[in-house]
Amino acid sequence: GESVGLHLPTLSVQEGDNSIINCAYSNSASDYFIWYKQESGKGPQFIIDIRSNMDKRQGQRVTVLLNKTVKHLSLQIAATQPGDSAVYFCAEKGWGSQGNLIFGKGTKLSVKP
Amino acid sequence: DTGVSQDPRHKITKRGQNVTFRCDPISEHNRLYWYRQTLGQGPEFLTYFQNEAQLEKSRLLSDRFSAERPKGSFSTLEIQRTEQGDSAMYLCASSPTGSSYNSPLHFGNGTRLTVT
């Protein structure tokens, strides 16, 4: 069935370093992917999205890479800051669904000062 | 800030009681979603509205759960005869109308339900 998962449940990085959070998905028909950041006690916050007709998309300090051949998604955060500490989720739009997003379990990012 | 608003933020109830949560989406968004999130897991889809029409429901939405969006603006989620397994964070999200369904969902901060 469809699934979205993450390779690493926790990631610890030094402040100022770059972070890479990975995600694998199983449904090759998925056409839309989103990364969310969730801080404790808050709802998921939209970071960046990418459509399946793209391989790369850049935002402010963040880059999402999509490799459809191996069904892999990654989020790169440049110059990681303490405020980036949170749980990060990737999500895919379910095939055949009008709006349902399928989330993975999340990766906790800890930034050491 | 005119983001998605949810009320209450926290709800503690005894098993068997009914609870109702409210969600006010971003005003220009006509799509509204309910998700449930348990500790350490990603959000799970429950149901979706476009305007006042409930277009999709997850198998997670048992008969004890009902969601409404009577005027196409705010929505309510009711859980009847609550069970301890219903304890979770209930998240509401909205997204704008567009030519494509590929629009990011904007989430509220959720209602944390604890069933004792």
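Since we're looking at a predicted model, the values are computed, not measured.

What counts as what
Residues numbered from 1 in each chain as written. Chains lettered and ligands numbered in written order. Predicted model: local features only at pLDDT ≥ 70, side-chain atom pairs only at ≥ 80, totals over all residues. Heavy atoms only, no water. Helix = DSSP H or I, 4+ residues; strand = E, 2+ residues; numbered from the N terminus. Contact = heavy atoms within 4.5 Å. Areas by Shrake-Rupley, 256 points an atom, 1.4 Å probe, with all protein chains shown as cover. Rg over C-alpha atoms; globule rule 2.2 N^0.38 Å. Lys, Arg positive; Asp, Glu negative; His and termini not counted. Charge placed at Lys NZ, Arg CZ, Asp CG, Glu CD. Buried area = accessible area lost by both parts, 1.4 Å probe. Salt bridge = Lys/Arg side-chain N within 4 Å of Asp/Glu carboxyl O. Polar contact = N/O pair within 3.5 Å; in protein donor to acceptor, adjacent residues only side chain to side chain. pLDDT = per-residue confidence, 0-100. Buried < 20%, exposed > 50% of the residue type's maximum accessible area, 1.4 Å probe, protein only.

Peer 1: How would you explain the overall build of chain A if you had to name every residue and give the values?
Peer 2: The secondary structure content of chain A amounts to 0 helices and 11 strands. Reading the secondary structure of chain A in the N-to-C direction produces β-β-β-β-β-β-β-β-β-β-β. Counting only contacts in chain A whose residues sit at least 6 apart along the sequence, the fraction spanning at least 24 positions is 53%. Counting only carbon and sulfur atoms, one obtains 48% of the accessible surface of chain A, whose full area is about 5,500 Å².

Peer 1: Could you give me a rundown of the overall build of chain B, with the residues and numbers involved?
Peer 2: The secondary structure content of chain B amounts to 0 helices and 11 strands. In sequence order, the secondary structure elements of chain B are arranged as β-β-β-β-β-β-β-β-β-β-β. In terms of overall size, chain B behaves like a compact globule, its C-alpha atoms giving a radius of gyration of 14 Å where 116 residues would be expected to give roughly 13 Å. The C-alpha extent of chain B, read off along each of the three principal axes, is 45 × 30 × 25 Å. Long-range pairs, those at least 24 residues apart, make up 54% of the contacts in chain B with a sequence separation of at least 6. Of the roughly 5,900 Å² of accessible surface on chain B, 43% is carried by carbon and sulfur atoms. For chain B, the distance from the average site of its 14 positive side-chain charges to the average site of its 12 negative ones is 5 Å.

Peer 1: Hey, could you go over the interface of chain B and chain A for me, with residue numbers and the actual values?
Peer 2: At the interface, 21 residues of chain B touch 22 residues of chain A. With both sides pooled, the region where chain B packs onto chain A buries about 1,800 Å², and carbon together with sulfur makes up 51% of that total. Counting every contact that joins chain B to chain A gives 0 salt bridges. Linking chain B to chain A there are 5 residue pairs in polar contact (both at pLDDT 80 or more). Here the element with the most residues in the side of chain B that touches chain A is strand S4 (residues 31-37) of chain B; it accounts for 3 residues.

Peer 1: So, the confidence of the model for chain A: which residues are in play, and what are the values?
Peer 2: Scored by pLDDT, chain A has a mean of 89; 88% of the residues are at 70 or more. Mean pLDDT across the elements of chain A ranges from a minimum in strand S1 (residues 4-5) of chain A, with 49, to a maximum in strand S7 (residues 62-67) of chain A, with 98.

Peer 1: Describe the pattern of salt bridges, listing the residues and the values that go with them.
Peer 2: Residue and element names in this part refer to chain B. By the definition in use, this model includes 8 salt bridges over all chains. Here aspartate 86 makes a salt bridge to arginine 64, at a shortest N to O gap of 2.8 Å. Of this pair, aspartate 86 sits in the loop between strand S8 (75-79) and strand S9 (88-95) while arginine 64 sits in the loop between strand S6 (53-57) and strand S7 (65-68); the two residues are 22 residues apart in sequence, bridging distant segments of the chain. Side by side, aspartate 86 and arginine 64 carry an identical accessibility label, which is buried.

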